[in-house]
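Structural description and commentary
Residue strings, one per chain:
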Amino acid sequence: MKYVSLVLISHSYEIVSGLKKLLNQVQPEVSVAIAGGVEGDIGTNALDIKEAIESVYSEKGVVVLFDLGSALINAEMAIEMLENNENIIIADAPLVEGAYAAVVEAGLGSSIEEVVRAGESAKELVKIND
Amino acid sequence: MIEKEITVTIENGLHARPAADFVKKVNQYKSKVELMIGDRRINAKSILQLMSVAIMEGQTIKVMTDGEDEKDALAFIDSFLQSGKES
Amino acid sequence: MTFDVEQAKKWIITFNDKIQENKEYLTELDQAIGDGDHGLNMARGFQETVKKITEGKYDDLGSLFKDVGMTLIAKVGGASGPLYGTAFMKASLALKGKKEVDIKALVEALAASLDGLKVRGKAQVGDKTMIDVWEPVIEYMKNHETIHSKELTDLSKEKMDDTKELEAKKGRAAYLGKRSIGHIDPGAASSYLLFASLAELLEEGEVAQ
């Protein structure tokens, strides 16, 4: 794979399904997989996350973005359950803005570290400048 | 270094999809590329910086390119921002 | 007294009964300082777990606890799934291949569960989490030749109650800071039910290690 892949995790399926649509429009060549909700309810679960990562895994790497607290625990668990789990980094980034910055960076062919950095720098994003 | 004032005619301005496209294409040039929006100066190769400004349809901005392919870079940007549709 | 596959099943079934009975209470606790789904998540997850283990035939404790752990991870969601899931997975590793064990070995397995919980959740005593019940309870069981059912139950309850005055340092409750004080931690409450269920089981035999 030429590009780093992204995995988006949210307590809400609709959030990540919509975000994936946006990212696919923005950078169609970057692979984006999602995991959201538990059995149709709000929540996150490690098995869905594991499957999502597996579906887009390559040696170029996978960057994982998540919304709130327990999604992180489930993401860590998912990564532990994988046989091939080098080159997977969980970004400490806001989900939407971080994913947007990360997908653009990934689309440039950047390395996993650069994609993580792009995602995480969304934390400093000032959106309104008056 | 060369510069030009350009009026943006992309429908809805430089929003999510064209912004990402713009950054990707601008990164292919070796030159330094900066935009002046009002009194804010941003690095056009950084999606984060581009995300922090709103470039609206009809807005006039200043584009500065500096490097061995500065002419090509500026020509591309001129065409992109005035294409009236995503190129 | 020995702890075998039938005992283990009974423990989980009893725990599930208590969770179903206390579903609203656990949810209320979680509404006060969390996102309001602890009761629902645990009820769903443990109901599925009981279904799985009742249908299953297990030769050893390890494979029983593994099914418990994996079902919880898949069905509970939230933070409780991976936390309780990890606890049972660690116990399953410690009890691999064992058809039955003495209480000492069970306690050792639960001590491994506790270690797993602390790594997974990154919490320690005083953070206002399930650890505030687990750690003192495991200490008690490690340090007593004979485990008295009533002592175990009372200790678990006391430690659960003690979480009321703590300020949350982990989990969704941590966002509330000082406003989390005055509420019992839901994870501590479900942990009390877990150990109360174990205590009921042990009551049926005198539990000398």
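Residues numbered from 1 in each chain as written. Chains lettered and ligands numbered in written order. Predicted model: local features only at pLDDT ≥ 70, side-chain atom pairs only at ≥ 80, totals over all residues. Heavy atoms only, no water.

1. Let's talk about the overall build of chain B
Keep this limit in mind: Numbering of helices and strands starts at the N terminus; helices are DSSP runs of H or I of at least 4 residues and strands are runs of E of at least 2. Three labels apply to residues, based on accessible area from a 1.4 Å probe with only protein chains included: buried if under 20% of the type maximum, exposed if over 50%, partly exposed otherwise in between.
A count of helices and strands for chain B gives three helices and four strands. Reading chain B from its N end, one meets helices and strands in the order β-α-β-β-α-β-α. For the C-alpha atoms alone, the extent of chain B along its principal axes is close to 30 × 25 × 20 Å. Within chain B, the fraction of its 87 residues that count as buried is 47%.

2. So, helix 4 (residues 61-75) of chain C
Residue and element names in this part refer to chain C. Condition: Multiplying 1.5 Å by the helix residue count minus one yields the expected span of that helix. Pairing of N or O atoms within 3.5 Å defines a polar contact, subject to two protein rules: one partner must be a possible hydrogen donor and the other a possible acceptor, and residues neighboring in sequence count only if both atoms are side-chain atoms.
Helix length check: helix 4, at 15 residues, gives a terminal C-alpha distance of 21 Å against a target of 21 Å (1.5 Å per residue), a fit within 8%. Taken together, the buried positions of helix 4 are occupied by Leu-61, Gly-62, Leu-64, Phe-65, Val-68, Gly-69, Thr-71, Leu-72, Ile-73 and Ala-74. With a side-chain oxygen lying 3.2 Å from the backbone nitrogen of Gly-62, the N-terminal cap of helix 4 falls on Asp-60. Downstream of helix 4 by a residue or two, Gly-77 has a phi angle that is positive, lying close to 75 degrees.

3. Notes on the interface of chain A and chain C
Under the convention used in this document: Should any heavy atoms of two residues lie within 4.5 Å, those residues are considered in contact. Defined in terms of a 1.4 Å probe, buried area is the accessible area two parts forfeit on being brought together, summed over both. Salt bridge criterion: a side-chain nitrogen from Lys or Arg within 4 Å of a carboxyl oxygen from Asp or Glu.
Contacts between the two partners involve 15 residues from chain A and, on the opposite side, twelve residues from chain C. Summing the contributions of chain A and of chain C, the shared interface buries around 1400 Å²; its carbon and sulfur component is 54%. The salt bridge involving A:Glu80 is made with C:Arg120; its shortest N-O contact spans 2.6 Å. Linking chain A with chain C are six residue pairs in polar contact (both at pLDDT 80 or more). It is helix 3 (residues 69-80) of chain A that contributes the most residues to the side of chain A that touches chain C, six residues altogether.

4. What to know about the environment of C:Glu203
Relative to the helices and strands, C:Glu203 resides in helix 9 (residues 186-203). On the basis of relative accessibility, which here comes to 58%, the residue C:Glu203 falls in the exposed class.

5. Things to note about the layout of surface pockets
Inclusion rule: Put plainly, a pocket is an open set of points on a 1 Å grid over the protein atoms alone with protein on both sides within 12 Å along at least five of seven lines, a cavity is a set where a 1.4 Å probe fits but cannot get out, and a lining residue has an atom within 4 Å of a point. Grid points are joined across faces, edges and corners, and a volume is the space filled by probe spheres set on the points. For this classification, the nonpolar set comprises Ala, Val, Leu, Ile, Met, Phe, Trp, Tyr, Cys and Pro, the charged set comprises Asp, Glu, Lys and Arg, and every other residue, Gly included, is treated as polar.
Roughly 980 Å³ of internal volume is contained in the largest pocket. Looking at the largest pocket, it is lined by 43 residues, and the ones nearest its centre are A:Ile73, C:Ala79, C:Lys170, C:Gly171 and C:Arg172. Ranked by the residues each element gives to the lining of the largest pocket, the list is headed by helix 3 of chain A, at five residues. In terms of residue class, the lining of the largest pocket is made up of 19 nonpolar, eleven polar and 13 charged.

6. Remarks on the packing of aromatic side chains
As a reminder, the rule being used: Under the pairing criterion, centres of Phe, Tyr and Trp rings, with the six-membered ring standing for Trp, must be within 6.5 Å; the plane angle then separates stacked pairs below 30 degrees from edge-to-face pairs above 60, leaving the rest tilted.
Here the structure, examined in full by the defined rule, presents eleven aromatic pairs over all chains. When the centroid spacing of 5.4 Å and the interplanar angle of 50 degrees are considered together, the rings of B:Phe22 and B:Phe80 count as tilted. Taken as a pair, B:Phe22 in helix 1 (residues 16-26) and B:Phe80 in helix 3 (residues 70-82) lie far apart in primary sequence, 58 residues in all. An identical accessibility class is assigned to B:Phe22 and B:Phe80; each is buried. Measuring from centroid to centroid gives 6.1 Å for C:Trp11 and C:Phe88, while their planes differ by 55 degrees, and the two rings are tilted. In this pair, C:Trp11 sits in helix 1 (residues 5-21) while C:Phe88 sits in helix 5 (residues 80-94), placing the two residues 77 residues apart along the sequence.

7. Things to note about the interface of chain B and chain A
Taken together, the twelve residues of chain B in the interface contact 19 residues of chain A. Interface area, chain B with chain A, both sides summed: about 1300 Å², of which 68% is carbon and sulfur. Area buried by chain B at its contact with chain A is led by B:Lys24, B:Leu48 and B:Met51, which between them contribute 45% of it. Joining chain B to chain A, the criterion identifies one salt bridge. Here A:Glu29 ties to B:Lys24 by a salt bridge, and the two come within 2.8 Å at their closest N and O atoms. Where chain B touches chain A, the interface holds four residue pairs in polar contact (both at pLDDT 80 or more). For the side of chain B that touches chain A, the elements supplying multiple residues, two or more each, are helix 1 and helix 2 (47-51) of chain B. Looking at the side of chain B that touches chain A, the element that brings in the most residues is helix 1 of chain B, giving six residues.

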